[in-house]
Amino acid sequence: MKISAARGHRAARVAVPIFPGSNSEEETVRACLAVGLHATLVHWSAGPAALRGYDAYVLPGGFAYEDRIRAGAIAAHDAMMDAVVAAAQRGVLVLGICNGAQILVEAGLVPGTGPARRPTAAFAPNKPGGRFVCRHVYVKLSVPPDRCAITTNLRAEEIIPMWAAHGEGRLAASRHELGRLHRSGHIAFRYCDRFGNFTPEATPNGSPFGAAALTNKDGNVLAIMPHAERDAWTYQQRDGAVRLDARGDAAKMLAPAGGIRLFAGLARALGVKK
Amino acid sequence: MPDLISESSPTTFAIGGRSDAQLQKAAHDAGLALSVEELRRIAQRLGRDPTIVEIYAFDAQWSEHCSYKSSRMYLRRLPTDGPTVMQGPQEDAGILHLGTWRGERYGIVIAHESHNHPSQVVPFEGAATGIGGIVRDVLCMGATVIAVADPLRFGDLSVEHSRYVAQSVVDGIAAYGNAIGVPNIAGDVYFDAAFNENALVNVVALGLVKEGEIIHSRAPEGSAGWDIVLIGKATDRSGFGGASFSSLALDADDRDANKGAVQVPDPFLKNVIMRATYRVFDLLRSEGIEAGFKDLGAGGIVGCTAELVASGGYGAIIDLDRAPTAQWNLPAAVIAIGETQERLCWILPPSVTPRVLAIYNEEFGLPMISRGARAAVIGTVTDGNEYILQWEGRELMRVPLDFFTGGVRYERAAAQPVLSAEEEAPRNIEIADVVEFVLGHHDVCSRQPIFSRYDGVVRGTTAIPPGYADAGIIVPIPGAPLGCALAVDGNPRYGKLDPRRAAELAVCEAVRNVVAVGATPAGLTDCLNFGNPEKPEHFAQFVAAVDGLAHAGRELGTPYVSGNVSLYNESATGNAIPPSPIIACVGTIADISKTATCALKREGSPLYLVGRPQNALGGSVLAAILGIDGVLPSIDYASLRAQIALMLKAYDANIILAAHDVSDGGIVTALAEMAFAARSSAPLGIELEPASRWAPGIGTAGAYFGEAGAFIVEVENESRFNELTLRNGASAWRIGKTIRDAALIVANKRYSLERLHNAWSATLLDFYED
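Residues numbered from 1 in each chain as written. Chains lettered and ligands numbered in written order. Predicted model: local features only at pLDDT ≥ 70, side-chain atom pairs only at ≥ 80, totals over all residues.

Draft legend 1. Up close: the overall build of chain A. When helices and strands are tallied, chain A shows 8 helices and 11 strands. Taking 19 Å as the expected radius of gyration for a compact globule of 274 residues, we find that chain A reaches 17 Å, a close match to that expectation. If you line up chain A on its principal axes, its C-alpha atoms span 50 × 45 × 35 Å. Residues classed as buried in chain A amount to 58% of the 274 residues present. Partitioning the contacts of chain A with sequence separation of at least 6, the portion at a separation of at least 24 is 74%. (Helix = DSSP H or I, 4+ residues; strand = E, 2+ residues; numbered from the N terminus. Rg over C-alpha atoms; globule rule 2.2 N^0.38 Å. Buried ≥ 20, exposed ≤ 12 C-beta atoms within 10 Å, placed from the backbone. Contact = placed C-beta atoms within 7 Å.)

Here you go:
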């Protein structure tokens, strides 16, 4: 496994590329900044060259290119993605959230079991009904932490609260491929209830195995459907006890919490010391 | 589309020389909503017959939708000023003070509109363009758009067209709001057969702006010679005659014909326009340039540019050939007045225009996003009062702007409204007989199947998403403890009984909703949805409701900073909607750590009722279920002010664990919802004292299911709470406590919360998820 070396001598630089139709760029940048990453929005008009030389890439949510054909399908073939694909193949860390995850799957970077830009799986329309669903969820790390570079510093089976907000988040692949993804540790996070139980009700979209996130073989790319960056502060925690604990303490209420753990994992993997 | 505007037709609309009857017929045939009297006034002032473009421009500009010609004199009765007001209702949106952060004063921009007629005819597009329009209203104040909310009134779900409307409206709101990336944080929905032929789709949007960075919808001082810059979608045939269409009663036979009047939404383009516009804001601020900015809505290019320059005291010359179009053979009237969506208009000094054009056209590549979309200079601001529109070397319009944008005013006859009786005898009921029917009633049951279709958390600033409390809360400035709460209200069952009292009750409930989460009410918007104002009995309802709003606003010290009037919500067969004043309330929060949801938190906590039940069952869900009559709850403003003061003091003292407003379905419903909300994290139940202990003299029906406004509060420190109650002159009763048992227990009878939850959660789930 080749993972780009952590850089101790300067703040890790993270690019957040945005496509026409992206809509979660602000909260994504905010979560990166909160964990000590130097995050920069890179606009589609800046061209692929503007994406070179970053330590990691975080693809935000939204509806890139209006979800034409399939969610993520057009953006995956945008010239901007050339830089991301090339970097991922060199072992640079890439995190895709929601539409960003759909783009990574369409670009073939995850599960990465085929050649680049030849997807072997997809995030298909939710079941039942193929409707957009916005729901608070919990996900559990379902692979050993060191299976994926971004999760290396999380606890085994760590449970993280997030928001599912998508219409196409059901993992789909051939039955053969699905079994392989499950067995070989590609399904990095699975939906669970707040106690960590895998129940059908905990999965908002009918995804098999409750799959919420996929990683690639080398573990440097993570595509996750639910939004950790929208459950990243104490005031956003849906667990009443957490907010109660911060009652009357504005600093505590505004402090990072919950979903910020995913970004903290990314920061630690990039050598940011907490 | 009327024949009159095609190229081969005459270029003027003949008024002189026609009899009233001939003129009326000609106007009707041309699809004009203007009256004979209005047509004659136009010809008289112009001193000639108007051109075809002029007559359609007047038709849009003088429509009820644009000119508020019936309503304006009554709307003046509303209080619009106060210490919380940063800007009152003179532009597309009002602005309320949020607070100060790092030396900067921030305002919350709020706009409130209806998109009722379009949503009845083509519900998906109608609801989607409703969001699109309201977002532009907020954007053009120089604000970042931070939230939307949708009050919805649908017909009886057993009627096929009502089901179609109810499904498609939700789909349209979701498709548009989710794609542009603005969280939907509040909203309500009622179902009533009276909305079968006229669904109501209201929409509210919030924005954030620094006080010193507000942009106004007018040509700035000294702007003669500046550029008028149109941005957005290329003009096409969609949305011609929308303003007039909104000002006529809906005729089912015309449904197909009316479809052409509805605009086509493009949320993908809007997403990019919003982001490009934020970049333009940055440019103008860094250069210290004051510009004018306004969205295109009713009346299209002419309506928008005329109002922009007129409100700055200027005139304009518009060169229609320079407006980007999507089709080559569009008639001039369509380009001039059509309501193609996703367009806005800037007034810019020529020195900055090239850089603004570059941001839209190159950096954000509008032409790549949507065919023909772009920013283009279409005219020049001029000194004087004349509005001139040119096209292909011809002059299509030359009108005095004060006359054109000043519109007309009517003093409509208003019959005396019928007032409801004042007394109601106590009535008793067994909880067990009705509780599941009340919780499962379509106006009470869980709204989650609708809310979950909307992205409530995009932008990552949502503290309380819809359905978790009485109001949604946004923390709009990252790192700042300031919060903004939003709630909407307006009960059509109350409107049927007494429009004035219904209006007051809507204000009281919207205010209570933001207080329930710990926010201080800052201001209101009103969207007044009524029937045909030309019918005295309908117009009387409108006038009564405005009086109710004015009274409630004054009593509670909450000004109205924006609003909208939607009249003619009536089918051709004369079926009008119930009087529906719909209110939005913005509350501000100085410290986000002093808020709560309605979810119960701890075992053994005392539960207090702040407020007093009444025997009044009129308009209640219980009355609807039992088929009984009654009177509407009365309002004691002094007592409500004391309740609000108590709640906010108790929040400040950190002794409120959870709070919920009592409304549809009464106290039992409110208690059950507090337990349901805690279900996933703290499985708690409630032991409720019998009503005889906390509601003496009130029948059990009124006590348990009456809808007189109140709060239920889970309290941490009882002695402190009682002390605050006394000190604020409020009345609060201890009505029970929380227990570690998933049940509601009243007088030794146990109701399983599981069973109640099933009744509450199933009704809309079956409809929206099947």
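Draft legend 2. Inspection of the overall build of chain B at higher detail. Assigned secondary structure in chain B consists of 28 helices and 26 strands. Here chain B has a C-alpha radius of gyration of 26 Å; the compact-globule value for 770 residues is 27 Å, and the two agree. In terms of its C-alpha atoms, chain B occupies a principal-axis envelope of roughly 85 × 60 × 45 Å. Classification of the 770 residues of chain B by burial places 63% in the buried group. Counting only contacts in chain B whose residues sit at least 6 apart along the sequence, the fraction spanning at least 24 positions is 83%.

Draft legend 3. Seen up close, the interface of chain B and chain A. Facing the 40 residues of chain B at the interface are 38 residues of chain A. Looking at the side of chain B that touches chain A, the element that brings in the most residues is helix 8 (residues 160-180) of chain B, giving 4 residues.

Draft legend 4. Up close: the sheet that holds strand 12 (residues 386-391) of chain B. Residue and element names in this part refer to chain B. Read from one edge of the open sheet, 7 strands run 8-10-7-11-9-12-13, paired in mixed fashion. Every interior strand has two partners, whereas the edge strands, strand 8 (292-295) and strand 13 (394-400), have only one. Averaged over neighbouring strand pairs, the angle between their axes works out to 20° when direction is ignored. Across 6 bridges, the pairing between strand 7 (residues 227-232) and strand 10 (residues 343-348) is antiparallel. Paired with Val229 across the strands is Trp346, a residue of strand 10. Where helix 3 (residues 52-61) meets the sheet, it contacts strand 12 and strand 13, and its direction lies at approximately 40° from that of strand 13. (Pairing = 2+ DSSP bridges. Axes fitted to C-alpha atoms, helices over the stretch in contact; angles between N-to-C directions.)

Draft legend 5. How the structure looks around the sheet that holds strand 6 (residues 200-210) of chain B. All names here are of chain B. The strand order across the open sheet built from 6 strands is 1-2-3-6-4-5, with neighbouring strands paired in mixed fashion. Strands with a single pairing partner mark the edges of an open sheet, and in this sheet they are strand 1 (85-87) and strand 5 (184-191). Strand after strand, the sheet turns through a mean of 25° between neighbouring axes, direction not considered. Bridging between strand 1 and strand 2 (residues 94-101) involves 2 bridges; their strand directions are antiparallel. Its bridge partner lying in strand 2, Val85 is registered against Leu96. Contacts between helix 7 (residues 123-139) and the sheet are confined to strand 3 (104-114), strand 4 (144-154) and strand 6, with strand 6 contributing the most and set at about 25° to the helix. The sheet contacts of helix 8 involve strand 4, strand 5 and strand 6, and relative to strand 4 the element is tilted by about 175°.

Draft legend 6. Representation of the environment of Gly666(B) in the model. All names here are of chain B. Mapped onto the elements, Gly666 comes out in helix 24 (residues 666-678). In this structure, the C-alpha to C-alpha distance between Gly666 and Phe705, residues 39 residues apart in sequence, is 4.0 Å. Setting aside residues no more than four positions away along its own chain, Gly666 makes contact with Ser620, Leu622, Tyr704, Phe705, Gly706 and Glu707.

Draft legend 7. Geometry of the environment of Arg409(B). Residues and elements named next belong to chain B. With respect to the element layout, Arg409 can be found in the loop between helix 16 (401-406) and helix 17 (431-440). For Arg409, a count of 12 C-beta atoms within 10 Å corresponds to the exposed category. A sequence separation of 309 residues divides Arg409 from Glu718, and the C-alpha atoms of the two residues are 57 Å apart. When sequence neighbours within four positions are dropped, the list of residues in contact with Arg409 reads Lys69, Arg72 and Met73.

Draft legend 8. Expanded view of unusual backbone geometry. All names here are of chain A. Note that the residue after Val110, namely Pro111, is joined by a cis bond; omega there is -10°. Tracing the chain through its elements places Pro111 in the loop between helix 4 (99-106) and strand 5 (122-124). At the junction of Lys127 and Pro128, the peptide bond is cis and its omega measures out at 0° in the coordinates. Summarising the element assignment, Pro128 is placed in the loop between strand 5 and strand 6 (133-141). With phi around 55°, Asp67 is a residue other than glycine that occupies positive phi space. The residue Asp67 is located in the loop between strand 3 (56-59) and helix 2 (73-76) in this model. On the neighbour-count criterion, Asp67 (20 C-beta atoms within 10 Å) is buried.

Draft legend 9. Molecular detail of helix 8 (residues 260-269) of chain A. Residue and element names in this part refer to chain A. In terms of residue burial, helix 8 counts as a mostly covered element, since 10 of its 10 residues are buried. By the burial criterion, the buried members of helix 8 are Ile260, Arg261, Leu262, Phe263, Ala264, Gly265, Leu266, Ala267, Arg268 and Ala269. On the buried face of helix 8, the contacting elements are helix 1 (25-34), strand 3, strand 4 (93-97) and strand 7 (159-166). Two residues or fewer after helix 8 comes Gly271, characterised by a positive phi angle close to 90°.

Draft legend 10. Focus on the environment of Ser593(B). In this fold, Ser593(B) is placed in the loop between strand 19 (580-589) and strand 20 (606-610). Of the residues examined, Ser593(B) has 21 C-beta atoms within 10 Å and is grouped as buried. Residues Ser593(B) and Ile289(B) lie 304 residues apart in sequence; the distance between their C-alpha atoms is 38 Å. Once residues within four sequence positions are removed from consideration, Ser593(B) is found in contact with Ala246(A), Arg247(A), Gly248(A), Asp249(A), Ala250(A), Lys252(A), Met253(A) and Pro481(B).

Draft legend 11. Summary view of the nonpolar core. Core analysis: the largest hydrophobic core is formed by 370 residues, its most contacted members being Val94(A), Val138(B), Ala336(B) and Leu486(B). Among all residues touching Val138(B), those that are not within four sequence positions of it are Ala93(B), Val109(B), Ala111(B), Ala143(B), Val145(B), Ala205(B), Leu206(B) and Gly207(B). (Core = buried A, V, L, I, M, F, W, Y, C linked by C-beta atoms within 7 Å.)

Draft legend 12. Spatial organisation of the packing of helix 24 of chain B against helix 28 (residues 753-769) of chain B. All names here are of chain B. Direction vectors running N to C along helix 24 and helix 28 enclose 100°, while the axes themselves pass 10 Å from each other. Between helix 24 and helix 28, the angle falls in the class roughly perpendicular. Only Leu753, Leu756, His757 and Trp760 of helix 28 make contact with helix 24, whose side of the interface consists of Ala672, Ala675 and Phe676. (Parallel < 35°, antiparallel > 145°, perpendicular 65-115°, else oblique.)

Draft legend 13. Summary view of the pairing of strand 20 of chain B. All names here are of chain B. Burial analysis of strand 20 places 4 of its 5 residues in the buried class, the great majority of the element. As paired strands, strand 20 and strand 24 (residues 732-739) are joined by 5 bridges and run antiparallel to one another. For Tyr608, the partnering residue across the bridge sits in strand 24 and is Arg734. Across 4 bridges, the pairing between strand 20 and strand 23 (residues 710-715) is antiparallel. Counted as the bridge partner of Tyr608 is Val713 from strand 23.

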